[in-house]
Amino acid sequence: DAKTTQPPSMDCAEGRAANLPCNHSTISGNEYVYWYRQIHSQGPQYIIHGLKNNETNEMASLIITEDRKSSTLILPHATLRDTAVYYCIVRGPPTSGTYKYIFGTGTRLKVLA
Amino acid sequence: DVKVTQSSRYLVKRTGEKVFLECVQDMDHENMFWYRQDPGLGLRLIYFSYDVKMKEKGDIPEGYSVSREKKERFSLILESASTNQTSMYLCASSLAGRGYYGYTFGSGTRLTVV
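Residues numbered from 1 in each chain as written. Chains lettered and ligands numbered in written order. Predicted model: local features only at pLDDT ≥ 70, side-chain atom pairs only at ≥ 80, totals over all residues. Heavy atoms only, no water.

Draft legend 1. Examining the sheet that holds strand β5 (residues 55-56) of chain A more closely. All names here are of chain A. Strand order in the open sheet formed by 4 strands is β2-β7-β6-β5, with antiparallel pairing between adjacent strands. Of all the strands in the sheet, just β2 (18-23) and β5 have a single pairing partner and so form its edges. Relative to strand β7 (residues 70-75), β2 runs antiparallel, the two being bridged by 6 bridges. For L20, the partnering residue across the bridge sits in β7 and is L73. (Pairing = 2+ DSSP bridges. Helix = DSSP H or I, 4+ residues; strand = E, 2+ residues; numbered from the N terminus.)

Here it is as structure tokens:
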């Protein structure tokens with residue numbers, strides 16, 4: 001199963017871009033990369049996903065390297081409410097037709113005022 | 001607003017008790033999952049279900065069982081609670097299929113076994 005590696009923690013100044021890196025060097029060609037975040041005392045929340053191309057939505061941008069061995073989640077203008085644990089996830093192989101997420105320990109992002 | 005609802009936010013149980021954690025989703029999702037979350041270990045999959053009455057073991061099923069009698073409800077059972085099962089338990093659901101289908105998580109149940 002593909003695994004991900006993320007730095008345990010990062011700080012970012014409010015209003016600046018937060019760039020969260022993720023290594024997934026064993027990812028296979030058809031596996032998506034997903035990002036979720038978990039704000040304290042809540043369940044994880046979907047942010048964005050991608051396969052090969054860069055993706056952008058109202059929450060964030062996802063940059064995936066050409067070799068797909070790493071990616072970066074970008075929060076363009078971080079706010080205090082973005083303080084959370086961010087998980088970079090690849091989907092494991094299906095079991096009984098069901099895909100499971102393999103969570104790591106994530107990056108604890110702290111946005112500083 | 002679609003959601004996954006976990007019956008209890010906080011639970012305190014005694015060692016040896018049988019504990020039921022309930023999860024209900026209103027999105028008609030085929031897949032449902034139970035994770036536990038511990039400091040430094042992230043989220044670990046306990047069990048999942050891809051259909052009514054169907055279940056599969058996740059990465060850490062020991063000491064747990066599950067029940068899915070109806071599509072919308074997935075129960076996690078601790079047959080004889082132990083202190084090392086003190087944890088945050090998260091339920092999630094998703095649509096089935098080969099495409100991308102995100103997970104919707106509940107808010108979690110923080111279980112303390114004393």
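The structure having been displayed, the exposition proceeds.
Draft legend 2. Region of interest: the interface of chain B and chain A. Taken together, the 24 residues of chain B in the interface contact 20 residues of chain A. Note on chain B versus chain A: buried area summed over both sides is about 1,800 Å², and carbon and sulfur give 54% of it. Counting across the interface, chain B meets chain A through 0 salt bridges. Our count for the contact surface shared by chain B and chain A stands at 3 residue pairs in polar contact (both at pLDDT 80 or more). (Contact = heavy atoms within 4.5 Å. Buried area = accessible area lost by both parts, 1.4 Å probe. Salt bridge = Lys/Arg side-chain N within 4 Å of Asp/Glu carboxyl O. Polar contact = N/O pair within 3.5 Å; in protein donor to acceptor, adjacent residues only side chain to side chain.)

Draft legend 3. Summary view of the pairing of strand β3 (residues 19-25) of chain B. Residues and elements named next belong to chain B. Judged by which residues are buried, β3 turns out to be one-sided: V19, L21, C23 and Q25 face inward and are buried, whereas F20, E22 and V24, on the alternate face, are not. Alignment of strand β1 (residues 4-6) against β3, held across 3 bridges, turns out to be antiparallel. Considered in β3, the bridge of Q6 is made with C23. Pairing analysis gives 6 bridges linking β3 to strand β8 (residues 73-78), with the strands arranged antiparallel. Bridged to C23 within β8 is F74. (Buried < 20%, exposed > 50% of the residue type's maximum accessible area, 1.4 Å probe, protein only.)

Draft legend 4. Summary view of the state of the cysteines. Under the counting rule described, the total for this entry stands at 2 disulfides over all chains. The residue that forms a disulfide with A:C22 is A:C88, at a sulfur-sulfur distance of 2.1 Å. Handedness here is read from the sign of the S-S torsion; for A:C22 and A:C88, about -80 degrees, the answer is left-handed. In this pair, A:C22 is assigned in strand β2 and A:C88 in strand β8 (residues 84-91), connecting sequence segments 66 residues apart. Like A:C22, the residue A:C88 is buried in the burial classification. Covalent S-S linkage joins B:C23 and B:C91, the inter-sulfur distance amounting to 1.9 Å. (Disulfide = S-S within 2.5 Å.)

Draft legend 5. Representation of the packing of aromatic side chains in the model. As enumerated under the stated definition, the model contains 12 aromatic pairs over all chains in all. Ring geometry for A:Y36 and A:F103: centres 6.5 Å apart, planes at 65 degrees, overall edge-to-face. Here A:Y36, found in strand β3 (residues 33-38), pairs with A:F103, found in the loop between β9 (101-102) and β10 (107-112); they are 67 residues apart in sequence, far enough to count as distant. Each member of the pair, A:Y36 as well as A:F103, carries the same accessibility label: buried. When the centroid spacing of 6.2 Å and the interplanar angle of 80 degrees are considered together, the rings of A:Y36 and B:F105 count as edge-to-face. Linking A:Y36 in strand β3 with B:F105 in strand β10 (residues 104-105), this pair reaches from one chain into another. Here A:Y36 and B:F105 have matching classes, each one buried. These aromatic residues form a ring-pair network of at least three members: A:Y36, A:Y46, A:Y87, A:F103, B:F33, B:Y35, B:F48, B:Y103 and B:F105. (Phe/Tyr/Trp six-rings, centres within 6.5 Å; stacked < 30°, edge-to-face > 60°.)

Everything listed here is a matter of coordinates, which is why it stays silent on function.
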